[in-house]
Each structure stands twice: as C-alpha cells, then as structure tokens.
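Structure assessment
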Amino acid sequence: MADKETAQRSGPGSTLVMTLAKFAVSIITPIALGYSSIPTSLVEKIIIGFLTYLFWTSIELLITLQKLFRLEKGLSDLQNIRNDFNVRLLNLRVHFEDLSTKFYKPVDLFQEHINRSIQDLEILCTDAVIKEELYVKDYHFDNADLLLSAMESDKEKVIRYVWVLESDSKFFDEKWKEYCKQIEKGAKRGSIKSVKALLVGPDGWLENHPMAKQLLGYYAHQKGFDYRYIALSTYEKWTRDQRLSEQYQDFGIYGTRYIYKTLQYAPITSGHFSKDQKTISEYTKFFENVWKCAEAKTLPKRALPRMTLEGLFQFDQEIDRQRTDARAARTP
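Notes on the structure in this doc start here. (Residues numbered from 1 in each chain as written. Predicted model: local features only at pLDDT ≥ 70, side-chain atom pairs only at ≥ 80, totals over all residues. Heavy atoms only, no water.)

Quick word on the pairing of strand 3 (residues 194-201)
Going by this rule: We call a residue buried when its accessible area falls under 20% of the maximum for its residue type, exposed when it is over 50%, and partly exposed in between, using a 1.4 Å probe and counting protein chains only. Starting at the N terminus, helices and strands are each numbered in turn, a helix being any DSSP run of H or I of at least four residues and a strand any DSSP run of E of at least two. Should DSSP find at least two bridges between two strands, the strands are regarded as paired. Orient the strands so they point away from the viewer, and a crossover whose first-strand-to-second-strand path over the helix runs clockwise is right-handed.
In terms of residue burial, strand 3 counts as a mostly covered element, since seven of its eight residues are buried. Note that strand 2 (residues 158-164) and strand 3 share seven bridges and pair parallel. In the strand pairing of strand 3, Ile159 is matched with Val195. Following the backbone out of strand 2, through helix 6 (residues 174-189) and into the adjacent parallel strand 3, one traces a crossover that is right-handed. As defined by bridge partners, strand 3 adjoins strand 4 (residues 225-231) across seven bridges and the pair is classed as parallel. Bridging across to strand 4, Val195 finds its partner in Phe225.

Written as structure tokens, this is what we have:
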C-alpha cells in the first residue's frame with residue numbers, strides 16, 4: 001500500500017513540476033547574482049546555473065534511488081512471504097499423499113479431520129480476501145506487538161476501544177494485564193499518539209464501585225490517554241439507533257489499520273479483525289459520536305487519584321479478595 005501511494009505521488013505530473021522547478025531555480029540563481037555585489041561574468045553565470053541544475057538533479061536522483069530501494073525491498077519481502085507459504089503448501093501436499101495410502105475405506109477419521117481443517121483454512125482465507133476480515137480465537141491479546149508495529153506506520157496513531165465494565169468481577173485477568181502493558185509501552189515510545197477509552201458500566205457503577213475513581217484516575221493522568229464514561233443502557237441505545245451489529249460485545253480501533261470486534265470472552269476470547277476501510281470508518285464515526293455526546297462523562301482531574309497500571313492491578317486484586325471473602329462468609 002505504501003509503495004502504491006508513493007507511485008501515485010510520483011506520477012508524470014509531479015515529475016514535470018520538478019523539472020520546471022529545477023529549470024526555474026537554475027535560471028533565477030545566476031540572475032540573482034547579477035543584482036548582488038559579487039562580480040560575475042556571463043560565462044560564470046552560465047556555469048553557476050548549470051551547476052545549480054546538476055545539484056538539484058543529483059538530489060532528485062538520490063530521492064528516486066531511495067524510492068526504488070524501498071520498492072525493491074517491499075517486493076523482496078513479499079516474495080519471501082509467498083515462498084514460505086508455498087513451502088508449507090508443498091509439505092502439506094506431500095504429507096497428505098503419504099497419509100492417504102493408510103486411509104481406511106470408505107471414510108477415514110484422519111482424512112475427515114484433515115479435510116475439515118483445510119476447509120476451515122480455505123474459508124478463513126476467502127473471508128480475508130473478499131471481506132477483508134479475519135476470525136481469530138485468543139489471538140490479539142497475545143499478539144499486541146503486531147498491532148503496535150502496524151500503528152508505527154499509521155497516519156493517525158490513535159487507539160480507540162470500548163470497555164464494558166462489570167460490577168461483580170475482576171477488571172484485569174492475565175491477558176488483559178499484558179495487553180494494557182503493551183499499549184502503555186507503545187504510547188510511551190511514540191508508536192501510539194493517543195489512547196481513547198470509552199468505559200461502559202451498569203447504571204450506578206460510577207457512583208458505587210469501589211475502584212471507579214482509581215480506574216478513571218489512571219486514564220485522566222496518564223500522558224496520551226483519555227476516557228469517557230457512559231452508562232450501559234445509554235450505550236446500548238446508541239448501538240441500536242446506529243444499527244451496529246448486536247453480535248459483538250465491544251470493539252477496538254487501531255488507527256486506520258485494523259478494527260477488532262469481540263464476539264465473546266468466555267470460555268475463550270474470539271472475534272473478527274477487519275482491514276475494511278468502510279467498516280473502520282463506520283465504527284470510528286460511531287465511537288466519536290458517543291464520545292462527544294452529552295451523556296459521556298468525565299470527572300475533574302483533581303477529584304481523581306494518580307494511578308499506575310501496577311497500582312490498578314493491586315487494587316483490583318484486593319477488591320476481588322474482599323469480594324471472595326464476603327461470599328465465603330455468607331456461605332453456610
């Protein structure tokens with residue numbers, strides 16, 4: 001995509017403009033010298049004009065060579081990816097042929113299972129090509145580094161995510177802890193410009209949950225982070241009014257590169273990644289509209305404590321321990 005954009009910017013029109021600009025500078029430079037206090041002959045002015053033209057031509061040549069190098073590297077990387085995939089396909093074909101000599105007739109258990117797996121992969125690849133969508137299970141929490149590397153070359157560098165909070169369970173499991181650490185690390189090193197969290201909680205959560213102010217304090221005081229809190233009933237009304245798919249629990253938008261829409265968290269986390277720009281634009285617009293609505297709240301910074309991630313993790317652990325002890329005390 002980057003090479004395509006570079007090619008579009010370097011079309012015939014831009015080349016003509018660059019050539020005319022070089023000629024103009026080469027002519028203007030010796031003329032300007034004639035109005036200065038430096039004595040120059042006509043021959044010297046011609047030589048200066050010619051050298052000026054050579055200078056700018058050399059600059060243009062270096063830029064062109066740099067673009068060609070990037071293009072060649074991109075094509076080489078793409079070829080390596082294809083070669084690696086073709087090797088895997090070849091191995092798959094060879095192993096399947098060896099297995100087929102040992103299949104029981106008429107239907108073999110090994111054959112049936114392998115065929116189903118290959119069909120699932122075919123459907124996965126087809127959806128990735130046609131819909132620009134990828135179905136994953138327990139994937140992105142363990143591969144946050146891939147998302148962050150994509151953000152480094154993104155023009156926007158803004159992460160937006162919806163976090164649906166619950167009143168009676170821990171906020172942070174081990175995967176969510178690691179994910180939050182990676183996002184914070186990306187913000188500190190500059191690959192992420194801004195993190196916007198839309199926190200969605202049950203009615204009364206903001207006023208009654210013992211960890212509400214600590215969680216909001218983290219987003220309020222952390223550099224590059226921001227938040228809005230909105231009641232679940234209001235958020236659900238927004239999703240119905242905007243006709244967003246009800247099969248997804250929440251979503252996260254990674255600049256203009258990806259969107260991840262969560263199908264479920266238990267027993268495993270699953271959802272869809274998408275590169276489709278129409279989908280990303282639609283959900284980004286929805287997110288920003290909710291972010292700016294009157295029902296989306298923030299509290300004054302001075303009313304919120306400064307919190308680190310580790311502080312949040314410890315606070316969350318302590319509240320969960322107290323909750324567990326209270327349940328045990330009620331059990332006869």
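From this point, things continue past the structure.
A short note on the nonpolar core
Among soluble globular proteins, nonpolar side chains are generally buried collectively. So the rule is basically this: Throughout this description, the term nonpolar core refers to a set of buried Ala, Val, Leu, Ile, Met, Phe, Trp, Tyr and Cys residues connected via side-chain atoms within 4.5 Å. The contact rule is simple, with two residues in contact once any of their heavy atoms fall within 4.5 Å.
In this structure, Trp163, Phe172, Leu199, Trp205, Leu215 and Tyr219 are the most contacted members of the largest nonpolar core, which totals 42 residues. Elements supplying a minimum of two residues to this core: helix 5 (144-152), strand 2, helix 6, strand 3, helix 7 (205-208), helix 8 (212-221), strand 4 and helix 11 (309-330). A per-element tally of this core places helix 8 first, with six residues. Excluding its chain neighbours within four sequence positions, the residues that come into contact with Trp205 are Leu165, Glu166, Ser167, Phe171, Ala212, Leu215, Leu216 and Tyr229. Judged by nonpolar contacts, the second largest core, of 18 residues, contains Leu198, Val200, Leu244 and Ile253.

What to know about the environment of Pro305
In this structure, Pro305 sits in the loop between helix 10 (277-292) and helix 11. With a relative accessible area of 28%, Pro305 lands in the partly exposed category. Measuring from C-alpha to C-alpha, the distance between Pro305 and Lys213 comes to 7.1 Å, with 92 residues separating the pair along the chain. When residues no more than four places from it in sequence are discounted, the contact partners of Pro305 are Lys213, Gln214, Gly217, Tyr218 and His221.

Quick notes on the packing of helix 5 against helix 6
This is how the line gets drawn: Inter-axis angles, ranging from 0 to 180 degrees, are taken between N-to-C directions of lines fitted to C-alpha atoms, where helices are fitted over the stretch in contact. Throughout, the term roughly parallel applies to angles under 35 degrees, roughly antiparallel to angles over 145, roughly perpendicular to angles from 65 to 115, and oblique to all others. Here a crossing is taken to be left-handed if its near helix is turned anticlockwise relative to the far helix by less than a right angle, and right-handed if that turn runs clockwise.
At a minimum axis distance of 10 Å, the contact between helix 5 and helix 6 shows a crossing angle of 25°. On the basis of the axis angle, helix 5 is roughly parallel to helix 6. Two packed elements cross with a definite hand, and for helix 5 against helix 6 that hand is right-handed. Across the interface between the two elements, Ala144, Leu148 and Glu152 from helix 5 touch Tyr179, Gln182, Ile183, Gly186 and Arg189 from helix 6.

Here we look at the environment of Asn143
Residue position: Asn143 is located in the loop between strand 1 (133-137) and helix 5. Along the sequence, Asn143 and Tyr179 sit 36 residues apart, while their C-alpha atoms lie 8.5 Å from each other.

Considering the pattern of salt bridges
For the record, the criterion: Salt bridges are counted wherever a side-chain nitrogen of Lys or Arg sits within 4 Å of a carboxyl oxygen of Asp or Glu.
The full count for this structure, using the stated rule, is 17 salt bridges. The salt bridge involving Asp154 is made with Arg257; its shortest N-O contact spans 3.7 Å. In this pair, Asp154 is assigned in the loop between helix 5 and strand 2 and Arg257 in the loop between strand 5 (250-254) and strand 6 (258-264), connecting sequence segments 103 residues apart. Taking relative accessible area as the criterion, Asp154 reaches 3% and is therefore assigned buried. In this structure Arg257 comes out as partly exposed when scored by relative accessible area, which is 34%. Residues participating in the shared-partner salt-bridge network are Glu156, Arg160, Lys196 and Glu288.

What to know about the packing of helix 8 against helix 11
At a minimum axis distance of 10 Å, the contact between helix 8 and helix 11 shows a crossing angle of 170°. Relative to helix 11, the element helix 8 lies roughly antiparallel. Along the contact surface, helix 8 presents Gln214, Leu215 and Tyr218, while helix 11 presents Leu309, Leu312 and Phe315.

A short note on the pairing of strand 5
Of all five residues that make up strand 5, five are buried, and the element is covered over most of its length. A two-sided burial pattern is seen for strand 5, the buried positions comprising Asp250, Gly252 and Tyr254 on one face and Phe251 and Ile253 on the other. Bridging between strand 2 and strand 5 involves three bridges; their strand directions are antiparallel. Residue pairing in the sheet places Tyr161 in a bridge with Gly252 of strand 5. Here strand 5 pairs with strand 6 via five bridges, running antiparallel. What sits directly across from Asp250, in strand 6, is Thr262.

By themselves, these observations are geometric and do not establish any function.
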